[in-house]
Amino acid sequence: MGKLKSRKFKFAILIIVSVASLFAFRPSDKYFEIAKNLDIFTTLFKEVNRYYVDEIDPTDLVNTGIASMLGTLDPYTNYIPEDQIDDYRTMTTGEYGGIGAIIGRKGDKIKIIMPNEGFAADKAGIKIGDELLEVDGINVSEFSINEISKLLKGQAGSEINLKIKRPDEISAFDLTLKRENIQLKNVPYYGMVQENIGLIKLTDFTQNASKEVKSALLDLKKQGATSIVLDLRGNPGGLLSEAINISNLFLPKSSEIVSTRGKIKDWNKVHRALNNPTDTEIPLAVLIDRSSASASEIVAGVIQDYDRGVLIGKRSFGKGLVQATRSLSYNAKLKVTVAKYHIPSGRCIQEIDYSHRNENGQADKVPDSLRVAFKTKGGRIVFDGGGIDPDLSTEYESVAPITRTLINKGLIFDYATDFYYNHPSIPDAKAFSLTDSQYQEFAKWLSDKEYDYTTKVEYLLNEFVANAKSEKYYDDIQAQITDLETKISHNKDSDLFKFKDEIKKFIEIEIATRYYLQRGAIEATFDYDKDIQTAVALLGDSDNYSTVLSPGTFKD
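Residues numbered from 1 in each chain as written. Predicted model: local features only at pLDDT ≥ 70, side-chain atom pairs only at ≥ 80, totals over all residues. Heavy atoms only, no water.

Colleague: Requested: an account of unusual backbone geometry, with residues and values cited.
Modeller: Backbone geometry places S254, a non-glycine residue, at a positive phi of 80°. Structurally, the position occupied by S254 is in the loop between α8 (240–248) and β13 (256–262). Taking the relative accessible area as the measure of exposure, S254 reaches 46% and is therefore partly exposed. With a phi angle near 65°, K472 is a residue other than glycine that sits in the positive phi range. Along the chain, K472 falls in the loop between α13 (456–470) and α14 (474–488). (Helix = DSSP H or I, 4+ residues; strand = E, 2+ residues; numbered from the N terminus. Buried < 20%, exposed > 50% of the residue type's maximum accessible area, 1.4 Å probe, protein only.)

Colleague: Lay out the side chain of E502 with the relevant residues and their values.
Modeller: With respect to the helices and strands, the residue E502 is situated in helix α16 (residues 500–523). Within the structure, the side chain of E502 is placed 2.5 Å from the side chain of T403, a separation counted as a polar contact. Filtering out sequence-adjacent residues up to four positions away, E502 remains in contact with S398, V399, A400 and T403. (Polar contact = N/O pair within 3.5 Å; in protein donor to acceptor, adjacent residues only side chain to side chain. Contact = heavy atoms within 4.5 Å.)

Colleague: Give a detailed account of the packing of aromatic side chains, specifying residues and quantitative values.
Modeller: By the definition in use, this model includes 13 aromatic pairs. Ring plane angle 70° and centroid distance 5.0 Å describe the contact between Y415 and F442, whose orientation is recorded as edge-to-face. Of this pair, Y415 sits in helix α11 (residues 411–422) while F442 is found in helix α12 (residues 436–446), placing the two residues 27 residues apart along the sequence. With respect to burial, Y415 and F442 carry one shared label: buried. One aromatic cluster is present, built from ring pairs that chain together Y415, F419, F432, Y439, F442, W445 and F497. Taking the ring centre of Y474 as reference, the NZ or CZ of K469 above it sits at 4.9 Å. (Phe/Tyr/Trp six-rings, centres within 6.5 Å; stacked < 30°, edge-to-face > 60°. Lys NZ or Arg CZ within 6 Å of the ring centre and 35° of its normal.)

Colleague: How would you summarise the pattern of salt bridges if you had to cite specific residues and measurements?
Modeller: Inspection of every chain in the model, using the stated rule, returns 23 salt bridges. Two residues, D529 and R233, come together in a salt bridge whose shortest N-O distance is 2.9 Å. Taken together, the residues span a long stretch of sequence, with D529 in the loop between α16 and α17 (530–539) and R233 in the loop between β12 (227–231) and α8 at a distance of 296 residues. Residue D529 is classed as buried on the basis of its relative accessible area of 14%. (Salt bridge = Lys/Arg side-chain N within 4 Å of Asp/Glu carboxyl O.)

And the structure:
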């Protein structure tokens, strides 16, 4: 260990021992247990550091210990060392220094998945499907996405050199860009689904989320929207203050939005709408799914509790916990769960009880049988303890094995890129549709590509055969099994047309993305998205909309 590292280590030990000595004179107090265990940890660490057979990294060892300790609490209580503060800041503010592009691995290649419109990558002409070969002279082909992301990020204004290979060009080329402050939008899209129905896609609750939603709402009303779809699917949440302000857009001033209750009683608080609302009357449909969490669930739950709108989709994630960030030594942070939140009906939607664990150390979900009933403002029955249940549930759509394989192997992605370079333009994303002849071209393009898959029936038959052999029945039924294998053996060419409508949908979305970026990716789903279709049908039927919000219509 170097002299500097040794001094830091001895200084840390001195601090811990000093803290321990402060409480040593109160043996009956809880603080004695804290001091005693800190002392044990200090001496144990010192002995391991001195005598362990191999050299150890003190920082790695302590970080592992901290992670294990916090891991016994809940997944949201996290230690954030100084070298990860930038990532944490990005999560809370949506801002970072970089080029503004999403990258991903497609097969064995690193490719541009989406350049964020208006930022450095987009302005430099980087396109979806471009292959990233080098960053500042470093070959990134074997790097993880996280490692490449760190190379791309940096101080705003600093230069970065990229080597890019474009699908329609033989040779790679170099690009020099200047990193920018990338401010990710909370509302990456808003627009008209139909003549009088507007849609707002909210993906985060970082700073200014409520301002973005308000701006989108006002603009959609100017465009003629008389009802709104608020899409919270896939939104993991974020700042509590933004959830309160977004709820406030649709509810009267002074309405209770959420209350927080924790160990520190002085921190317990009822949060109310502080501002004048934007619109308390416009019909509202809120889309949720299993990835709608935390702040998303507050907004969805508040809308439901006040009967202010109809929730559509799937049961939400079930995160009813509130975190606060505390400063630690050496510029580190602790994100710690400090309270549970309760929405206006009084329910807490936390699904997993981390304070009680089974014999395997796992925290269990609140069983449906123990969920407690509450009532909305209008008298509808709603439940706690397991996320937010939608008022209108939609089914999860399964994807055929061939479709899943074509997506996972990046073949639909690559075909869309190839299509882009062979077709100068396409209609608007909402109107674009792949013709039968174009689908035939896709099938022909696939003919020399390597892909295979196992259908669910084939998987079950393979499992049956394995069991038959292990239990010595196989020889007796071998002929029947062979006949069955022949009958159910999949044919790729046949499956391509058997599941044509499903595969075609994903191709159209990818192609629309090439021409219209994120807007295209969203608008191309309008004809296929069951949640949006359900919302459009409901908002177009005012009687049914009112019926759904009437007492007695919502049951678990």
